[in-house]
Every structure is written in C-alpha cells, then in structure tokens.
Amino acid sequence: MHAIGFVRHHFLPPSETFIYTSLRALVDYKVRVLALRRDQSAKFPFGDVTLLSDSSPLSAEALLYRAFAWSPRALRWARTVKLIHAHTGNAGVHAAVMAQKAQRPLVVSYYGKDVTAPRGRARWNPSYWHYVIWQKWLFSVASRILVLSDDMRRSLLAQGAPEHKLRTVPLGVDLSRFAVTRLPRPRTQPLRVLMVGREVEKKGFDDGLRACAAARAAGADLDLTILGTGGPLRGALQRLARELDLTVRWPAPETRVAQAMAEHDVLLVPSRTSASGDKEGTPTVICEGSAAQLAVVATRHAGIPEQVEHERTGLLVAERDVTDMAQQLSLLHQHRELAVVLGRAGARKMQAEYSVAAHAARLSTVYRELL
C-alpha cells in the first residue's frame, strides 16, 4: 500500500471538512499528514499527523519551515511517502521544496482563495508571500495541479499553469448525512429559506437579505434562517435585517447543518466576488443542500454553474441581481412542487458527481498516473 503525504499548514480549519473527507476516502492508500499546527482534533480525529510546531509556533522546526519552506523533520517526513499532495496553493510551495529534495511527485489542490491570491489583497498576507513569489516555479515543479471547476482551470491557465498538468477533481462530500425525503408543502405555509456560511463579503448574505425583503414585498410569505459562524459581518447583517424589517432566525453556529437543511425548503447561495478579488471555489454547502433535496437559488459565480444546472437542479441568477433573486424565490413560493422536483434532481446530480466514491475514484486516477 503506497503512502501518500498530505500537506496542510493548519490541520484543519472547521470549514475544511472536504479535505478530511478526501483523506478518509483514500482507503487504498496510507495517508500521512504534515502540518504546522493542529486544530479541531475532536472533529477531525486522525493519528498519523507530524506537527512542526511541537508545543510552540516558535519552535526551530516551525521557524525554519516558515522562513525557508523546509525543515529537517519535514524532509524526513517527505522521505516516508511515495507522493506528496499539498492542499492549497500556498502550502504547495513548501511541499514543492520537499518534493524536490526527496525526489517525490507533487500534486497541488486549489480551493478558491488561493486562486485569486496572486492578484488580490491576500498577496499582502505573510502566509501567501512564498506562494506569490514562487508561483511560476511551483507550476513547473508540480506533477499535477488539481482544481474544483472549469472556472478555476481557466483562472490558473491565465496565470501560467501548464494545461497538460491540470485535472478537475470535484469535492467529495458525505452525502448520506443529508439525505431526506421531501414532499411539497402547502402554499398556505411560509417558504422556508436557508443561508449557510461564514459572514464574509463573498457569501453575499446582504444581497440575500435584500432579495428576501423584495420577495416578501411582492407577496411571498418567507421564513428566513441564516446559519453562520459568527464571521466579521454578522453584526452588519443583523442591522441590515432590522432596517429591512425582516425577521431572521440566527441559530447558534454549532447547530448541525444537516438538521437545519432538513427543516427548510430552499437553499439561497448569493455568492459574489469580493472587493479584494476573493471568490468561492465550488461551495460545499451546495453539495450538502442538494443532497438534502433543497431547491437551490444561487448566483452564476465561480464554479457554482457547474454544481447547479439552471432550471434542472436549481435556479441561477447573475451576481448581485437582487431583483431576479427575489423573483426566483417568489416562483418557488408559488410553485412548491417545482422546489421538490429541483431538489430531487439536485440530489441525483450530487450522487453522480460529488459523492465520496466519485471523488476517491478521480483522485486515485491522478495518483496512479504518477505512481
């Protein structure tokens, strides 16, 4: 059984369930992880993790790794695996140094912010400095460059990534956690609308609030819930809801997403490109919502049109088009059976394209090419 080395500097932020799912899906390989620090070990239990920070982020190993993209312990770890897989472009530069020294093939996965970082404000963040400076070198060293969508592929091609190295490997999501059976609800009951995610600009929750207010003004009876994480814009969004005279439920961030989805009819995903240039990749929440047979109303942003097929598995509008967003919500309010039809089609699409099994098969194909 080949050993595969996963590199992620922070193992793992709470929102990166998809990386843990990928790790667990690789049942035909032994996965070993290298990280600077570890978090959420209860949520992401995994035994084979080599930490460079020990008990302090100022340890000699961590400082060497941060400054020079390698350390003796990291290099020893690299020699215990047959292939190195870096998760995010900025982790890719450090992984590339080790891959060259240990003479191992390198795979780099991109997820969204790392695609826009070289041209956005993130390039001033110290955690991206190595990547911004050495991006072209990373493209030359990497054996394969994995993206989540054609939108990402086009972006990296424009930045100089070699086309022959690019592979599209969509997210893998444990869809079974979200499976429900839905029936149309009477029009006499409110349409239950849900937004999920961190309260940051690219999520577009303010556009979602305005769309719900406009749909309500047009006669639609809506119940709105925002299941956020306590992000930096939460206060501003709550003030906007009051200004719009819009009643919104704000459950505690630890509320289970699957439970919230089972209690709603529509998933609203009003994502947009932020002022800093930050974009989504392919939002995991769409995979989860579609698996829960929610009708999805979303924007034509980043990889979303590859997840949501307009008028077949959901409804799409242009970024920031609050008027059209409100019209689509009103449509689903009037035609409850349409919401059920879209949700069921979305669940079938997720099973075919975004299941754990489909993800593992695509990733294994990439590994086999290099091993």
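Anything mentioned here points back to the structure above.
Reading the values: the criteria
- Residues numbered from 1 in each chain as written.
- Predicted model: local features only at pLDDT ≥ 70, side-chain atom pairs only at ≥ 80, totals over all residues.
- Heavy atoms only, no water.
- Buried < 20%, exposed > 50% of the residue type's maximum accessible area, 1.4 Å probe, protein only.
- Helix = DSSP H or I, 4+ residues; strand = E, 2+ residues; numbered from the N terminus.
- Pairing = 2+ DSSP bridges.
- Right-handed = clockwise from strand over helix to strand, strands pointing away.

## A look at the pairing of strand 6 (residues 83-87)
Phase 1: Across the five residues of strand 6, five count as buried, placing the element largely inside the fold.
Phase 2: As defined by bridge partners, strand 1 (residues 3-7) adjoins strand 6 across four bridges and the pair is classed as parallel. Opposite Phe-6, over in strand 6, you have His-85 as the bridge partner.
Phase 3: Note that strand 6 and strand 7 (residues 106-109) share four bridges and pair parallel. Paired with Ala-86 across the strands is Val-108, a residue of strand 7.
Phase 4: A crossover links strand 6 with its parallel partner strand 7, the connecting element being helix 4 (residues 89-102), and its sense is right-handed.

## Let's talk about the pairing of strand 11 (residues 222-227)
Phase 1: By the criterion of burial, strand 11 is predominantly enclosed, with five of the six residues buried.
Phase 2: Sheet analysis places strand 10 (residues 191-196) next to strand 11, joined by six bridges and oriented parallel. Paired with Val-196 across the two strands is Leu-227, which belongs to strand 11.
Phase 3: Since strand 10 and strand 11 lie parallel, the crossover through helix 8 (residues 205-217) that links them has a hand, and here it is right-handed.
Phase 4: Across two bridges, the pairing between strand 11 and strand 12 (residues 248-249) is parallel. Bridge assignment links Thr-225 to a residue of strand 12, and that residue is Arg-249.
Phase 5: Taken together, strand 11, helix 9 (residues 234-243) and strand 12 form a β-α-β motif whose crossover is right-handed.

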